[in-house]
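Working through the structure, step by step
Read off the chains here:
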Amino acid sequence: MSTRKKIVAGNWKMNKTFSEGTALAEEITGKLEAGDVTVILGTPYIHLQAVGAIIKDHPNLFLAAQNCHQAAGGAYTGEISPAMLQSLGVQYVILGHSERRKYFGETDASVSEKVSIALAHDLLPIVCVGEELSVREAGKHEALVGEQIENALFDLSPEDFGKIVIAYEPVWAIGTGLTASPDQAQEMHGFIRNTLAAKYGDEIAQATTILYGGSCKPANAQSLFSQPDVDGGLIGGASLKADDFIAITNSY
Ligand code: PEP
């Protein structure tokens with residue numbers, strides 16, 4: 001049995017008004033039993049402070065932002081800095097989500113900058129990687145994911161790399177209802193772990209939490225999480241309903 005940190009992280013994306021979001025956080029906090037899974041709520045920025053206050057006494061619940069800017073501060077209208085997140089007590093930040101890459105021009109280079117500044121502000125990055133369907137069909141998915149990881153993360157010291165969580169999210173499975181099969185997920189997670197081992201050594205690779213994301217729901221979570229290199233999930237749609245999200249956290 002692996003001793004890696006098991007994580008189920010919800011990514012609320014641009015959903016929930018303020019009152020809907022606090023109601024969801026309250027329901028999850030009330031229903032989630034204490035256990036050995038780290039459960040993270042990735043809320044819109046406007047919810048962070050209130051949700052942080054709601055979850056603060058639950059031993060397993062933590063807070064994530066869905067992005068941050070790569071500059072320490074300054075004239076970047078509409079953006080949020082890592083120092084601002086740190087000042088609210090946010091613990092994690094999701095970086096390089098495929099929707100950020102697709103709609104907001106994020107690249108491996110900007111993800112790399114964000115990872116560094118997030119770490120400098122004591123935020124733990126959840127770094128998303130994953131291929132489009134055409135890349136998988138061309139048999140180049142491992143090469144692409146390997147490149148994304150190398151470009152975004154391999155300038156980190158071993159100590160800093162030890163703080164990273166990786167989320168493998170095949171783009172073709174996000175919000176589509178299509179899920180990678182447990183075998184497909186395991187194959188990629190094993191590849192990622194081998195890639196980490198080649199760069200940082202076996203000990204760090206074995207300690208790194210690698211999440212699966214892409215239409216994960218109560219009906220398929222158990223078969224995905226039972227794969228040896230799948231250490232939990234990044235959950236979009238199913239994180240918006242407390243009962244579904246909690247059922248996923250109970251799927252180990
Ligand atoms: C995500 O956005 O990270 C995600 C996995 O979404 P969904 O679960 O809705 O596919």
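Look up: the structure comes first, before these words.
Computed from a predicted structure; not experimentally measured.

**Quick look at the environment of L88**
- Positionally, L88 belongs in the loop between α3 (82–87) and β4 (92–95).
- For L88, a relative accessible area of 36% corresponds to the partly exposed category.
- Considering only alpha carbons, one finds L88 and G52, 36 residues apart in sequence, at a separation of 7.9 Å.
- When sequence neighbours within four positions are dropped, the list of residues in contact with L88 reads L48 and Q49.

**Quick notes on the packing of helix α11 (residues 218–225) against helix α12 (residues 242–249)**
- Across the interface, α11 lies against α12 with an axial gap of 9 Å and an inter-helix angle of 20 degrees. Between α11 and α12, the interaxial angle falls into the category roughly parallel. Crossing angle aside, the handedness with which α11 passes α12 is right-handed. Counted together, P218, A221 and F225 of α11 and D244, A247 and I248 of α12 form the full contact between these two elements.
- Class assignment for the residues of the contact of α11 with α12 results in five nonpolar, no polar and one charged.

**Focus on the sheet that holds strand β7 (residues 210–213)**
- Reading around the barrel, the eight strands line up as β1-β2-β3-β4-β5-β6-β7-β8 and close back on themselves, with parallel pairing between neighbours. When strand polarity is set aside, the average angle formed by the axes of neighbouring strands in this sheet is 25 degrees.
- Across four bridges, strand β1 (residues 6–11) lies against strand β8 (residues 232–235) in parallel orientation. Its bridge partner lying in β8, G10 is registered against I235.

**Let's talk about the pattern of salt bridges**
- Applying the stated criterion to the full structure yields 14 salt bridges.
- Taking the shortest distance from any N to any O, the salt bridge between R4 and D229 comes out at 3.9 Å. Highlighted residues: R4 in the segment before β1 and D229 in the loop between α11 and β8, separated in sequence by 225 residues.
- Put simply, D160 and K163 hold a salt bridge, and the shortest N to O gap is 3.2 Å.
- Connected through salt bridges with shared partners, the residues R4, R193, D229 and D231 form a single ionic network.

What counts, and at which threshold
- Residues numbered from 1 in each chain as written.
- Predicted model: local features only at pLDDT ≥ 70, side-chain atom pairs only at ≥ 80, totals over all residues.
- Heavy atoms only, no water.
- Helix = DSSP H or I, 4+ residues; strand = E, 2+ residues; numbered from the N terminus.
- Buried < 20%, exposed > 50% of the residue type's maximum accessible area, 1.4 Å probe, protein only.
- Contact = heavy atoms within 4.5 Å.
- Axes fitted to C-alpha atoms, helices over the stretch in contact; angles between N-to-C directions.
- Parallel < 35°, antiparallel > 145°, perpendicular 65-115°, else oblique.
- Left-handed = near helix turned anticlockwise from the far one by under 90°.
- Nonpolar A, V, L, I, M, F, W, Y, C, P; charged D, E, K, R; others polar.
- Pairing = 2+ DSSP bridges.
- Salt bridge = Lys/Arg side-chain N within 4 Å of Asp/Glu carboxyl O.

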